[in-house]
Amino acid sequence: PKGDLEWPEVQAAWSLAGQLLKIIGTLFQFPSPEWKIVPLSHCAKLIRYSDPGGESSPIVYNLGHPRTRTSESLLAWNTLLCEVVDDTSDKLNQAHKDGLLDLSSMPTVPFPMTPNTIDGKDLSILSETDDSQWSRVIHCLSANLQWLSMCTSAHILQQVVLAANTVTSL
């Protein structure tokens, strides 16, 4: 929190971001037995099962909680977001190749990312106290999440149009 922004507002924002990512993953049928999103209003959580169905304990990352290591949580969020972006991009490109979706007006993902980086910044080596760099990272993550939201809207609209055309042609 900075200035007039308090912890409850930070936690609400992470909860909404978690809900959005969960909805996008559901709509694109993102297959991940490794990840679970729990968008609680008082502390959104990412749960990572390193060995789904196995013996190991899951790792819980609290997003926007005052007593957690922010860098570890943001790295986990980045990793999951990267996986969803890659999966969604693959599905959109396939729909385009199949003639089901026009991507000509869709922008590309704003900031390139890998599981450990976004916009060229390696999150695993950023200092926990480097507020300006983490602020930039959060901006990049937000922009990529917004891009996913736009892609989802275009995808759903195309599905509705295809379904309407199918019904009218019967």
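None of the values given here were measured: they were computed from a predicted structure. (Residues numbered from 1 in each chain as written. Predicted model: local features only at pLDDT ≥ 70, side-chain atom pairs only at ≥ 80, totals over all residues. Heavy atoms only, no water.)

Asker: Pulling in residues and values, what's your account of the pairing of strand 2 (residues 44-48)?
Answerer: Pairing of strand 1 (residues 35-38) with strand 2, which is carried by four bridges, proceeds in the antiparallel orientation. Within the sheet, the bridge partner assigned to V38 lies in strand 2 and is K45. Once strand 1 ends, the chain turns through five residues before running back antiparallel as strand 2. Strand direction decides the pairing type here: strand 2 and strand 3 (residues 59-63), joined by five bridges, are antiparallel. Residue L46 lies in a different strand from strand 3, and its bridge partner there is Y61. (Pairing = 2+ DSSP bridges. Helix = DSSP H or I, 4+ residues; strand = E, 2+ residues; numbered from the N terminus.)

Asker: An account of the pattern of salt bridges is needed here, citing residue identities and associated values.
Answerer: Overall, the coordinates contain three salt bridges when judged by the stated rule. The salt bridge involving R48 is made with E34; its shortest N-O contact spans 2.7 Å. Of the two residues, R48 sits in strand 2 while E34 sits in the loop between helix 1 (7-27) and strand 1, which places them 14 residues apart along the sequence. Overall, the relative accessible area of 22% leaves R48 in the partly exposed class. Notably, a salt bridge pairs R136 with D119, separated by 3.0 Å at the nearest N-O pair. A residue pair is termed long-range when its members are at least 10 positions apart, and R136 in helix 3 (residues 131-169) and D119 in the loop between strand 4 (117-118) and strand 5 (121-122) qualify at 17 residues. (Salt bridge = Lys/Arg side-chain N within 4 Å of Asp/Glu carboxyl O. Buried < 20%, exposed > 50% of the residue type's maximum accessible area, 1.4 Å probe, protein only.)

Asker: With reference to specific residues and values, describe the sheet that holds strand 2.
Answerer: Pairing in this open sheet of three strands is antiparallel, and the strands run 1-2-3 from one edge to the other. Edge strands, defined here as strands with exactly one partner in the open sheet, are strand 1 and strand 3. Geometrically, the sheet is characterised by an average inter-axis angle of 20° between neighbouring strands, direction not taken into account. In the packing of helix 1 onto the sheet, contacts are made with strand 1, strand 2 and strand 3, and the angle to strand 1 comes to roughly 135°. (Axes fitted to C-alpha atoms, helices over the stretch in contact; angles between N-to-C directions. Contact = heavy atoms within 4.5 Å.)

Asker: A description of the packing of helix 1 against helix 2 (residues 70-97) should follow, citing residues and the corresponding values.
Answerer: Orientation of helix 1 relative to helix 2, taken along the N-to-C sense of each, is 25°, at an axis distance of 11 Å. If you check the angle between helix 1 and helix 2, you find them roughly parallel. Crossing angle aside, the handedness with which helix 1 passes helix 2 is left-handed. Note on element contacts: helix 2 touches helix 1 through L74, W77, L80, L81 and V84, opposite W14, A17, G18, L21 and I24. Of the residues contributing to the contact of helix 1 with helix 2, the split by class is nine nonpolar, one polar and no charged. (Parallel < 35°, antiparallel > 145°, perpendicular 65-115°, else oblique. Left-handed = near helix turned anticlockwise from the far one by under 90°. Nonpolar A, V, L, I, M, F, W, Y, C, P; charged D, E, K, R; others polar.)

Asker: Provide a residue-level description of the environment of N78, including the pertinent values.
Answerer: With respect to the element layout, N78 can be found in helix 2. Taking the C-alpha atoms as reference points, N78 and N144, separated by 66 residues in sequence, lie 10.0 Å from one another. In contact with N78, other than residues within four places in its own chain, are M113, T114, P115, N116, T117, I118, L123 and L141. A distance of 2.9 Å separates a polar side-chain atom of N78 from the backbone oxygen of T114. (Polar contact = N/O pair within 3.5 Å; in protein donor to acceptor, adjacent residues only side chain to side chain.)

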